[in-house]
Amino acid sequence: MNRALPAVRLRVPTHEDAFAWHRAFDDPEVMEFHGGRSAEVSVYEELTARQRRHDAELGFCLWTMVDDAGRVIGFTGAQPWPHEWGPRGEVEIGWRIAREYWGKGYATAAALMTLERLRAAGVPKVVAMVRPGNERSVAVARRLGMEQAETFPHPRFAEDALCFRLDLHDGNTDH
C-alpha cells in the first residue's frame, strides 16, 4: 500500500461489544456477503463470549476494532474455522467493519496487527474464506500477501467460497 494506514486498536471483545457490533453491522451493505441482513443481538452476545474463550484458551480471537477516537468500528482477528464444511481444523483470519469506515485502510491495518499476534501465538498458517464478488475482502487478503489456493462448495449459497492461504513463517507481509 502506498498510503499510511489509520490508527486502530484491537482488544478482546467485552459483553457490551455485542451491542456495538450489532449497531456497526446493522446495514444491508455490510451484511451483503453474510446472509444479507443483520443478526439478532443474541448472536453477537454468543459470538463475543466465544471470542473471550478463544482468547483465554488460544491467545487469539476476533478482536474488537477501535478507532483513535475510541469508537468500536468492527472486528478483526482469527479463530478456528467454526464450520463442518471448508478448511476444517485450520485457523481463519477475518474482518468486518462498519460501512462508514470502508475504503480507509482500517481492515488492512487491523489484519496486519492480527498476523503479528498470530505469529507471536505460534500459529503457523491462516486461511481467509471469502464469498465470490466480495472484492473488498479479496483486496484485503491480497494486501496481506494471501493467495487464493482452493474453493469449497458453500452449503447455504449456490457458489463456491474462495479460500486464501498464508504461511506465517515466510515473513512476507510487506504489501
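Since the structure is predicted, the reported quantities are computational estimates derived from the model, not experimental observations.

Glancing now at the packing of helix H1 (residues 17-25) against helix H2 (residues 41-58). Packed helices, taken two at a time, are described by their axes: the angle between them and the distance between them. Running from N to C, H1 and H2 cross one another at 130 degrees; their axes reach a closest spacing of 8 Å. In terms of orientation, H1 lies oblique with respect to H2. Like other packed secondary-structure pairs, H1 and H2 cross with a definite hand, here right-handed. Residues Asp17, Ala18, Phe19, Trp21, His22 and Phe25 of H1 form the contact with H2, whose participating residues are Val41, Tyr44, Glu45, Leu47 and Thr48.

Take the packing of aromatic side chains next. Scanning the model with the defined rule gives five aromatic pairs in all. Taking the centre distance of 4.8 Å and the plane angle of 50 degrees together, the rings of Trp21 and Phe75 count as tilted. Placement of the pair is Trp21 in helix H1 and Phe75 in strand E3 (residues 72-80), with a sequence separation of 54 residues. An identical accessibility class is assigned to Trp21 and Phe75; each is buried. Residues Tyr101 and Tyr106 carry aromatic rings whose centres are separated by 5.3 Å and whose planes lie at 90 degrees to one another, so their mutual orientation is edge-to-face. Taken as a pair, Tyr101 and Tyr106 share a single burial class, namely buried.

Take Thr76: it is sitting in strand E3. Taking relative accessible area as the criterion, Thr76 reaches 0% and is therefore assigned buried. At 2.8 Å, the side chain of Thr76 forms a polar contact with the backbone oxygen of Gly94. Leaving out residues up to four positions away in the same chain, Thr76 has contacts with Leu10, Cys61, Leu62, Trp63, Met65, Gly94, Trp95, Ala110, Ala111 and Thr114.

Analysis parameters
- Counting of residues starts from 1 at the beginning of each chain's written sequence and follows it residue by residue.
- Since the coordinates come from a predicted model, pLDDT governs what is reported: local features require at least 70, and pairs of side-chain atoms require 80 or more to be given and counted, while whole-chain, interface and lining totals use all residues.
- No hydrogens and no water enter the side-chain calculation; it runs on all heavy atoms of the structure.
- Interaxial angles span 0 to 180 degrees and are taken between N-to-C directions of axes, which are lines fitted to C-alpha atoms, for helices over the stretch in contact.
- Each helix is a run of H or I in the DSSP string that is no shorter than four residues. Each strand is a run of E no shorter than two, and both are numbered from the N terminus.
- Note on angle classes: values under 35 degrees are labelled roughly parallel, values over 145 roughly antiparallel, values of 65 to 115 roughly perpendicular, and the remainder oblique.
- What makes a crossing left-handed is the near helix being turned counterclockwise from the far one by less than a right angle; a clockwise turn instead makes it right-handed.
- Note on contacts: a residue pair is in contact if any heavy atoms of the two residues lie within 4.5 Å.
- Side-chain rings of Phe, Tyr and Trp (the six-membered ring for Trp) are treated as a pair once their centres are within 6.5 Å; stacked means planes under 30 degrees apart, edge-to-face means over 60, and tilted covers the remaining angles.
- For every residue, the accessible area obtained with a 1.4 Å probe (protein chains only) is divided by the maximum for its type, and the residue is called buried under 20%, exposed over 50%, and partly exposed between those limits.
- N or O atoms closer than or at 3.5 Å make up a polar contact, with two conditions inside protein: a donor-capable atom paired with an acceptor-capable one, and, for residues adjacent in sequence, both atoms drawn from side chains.

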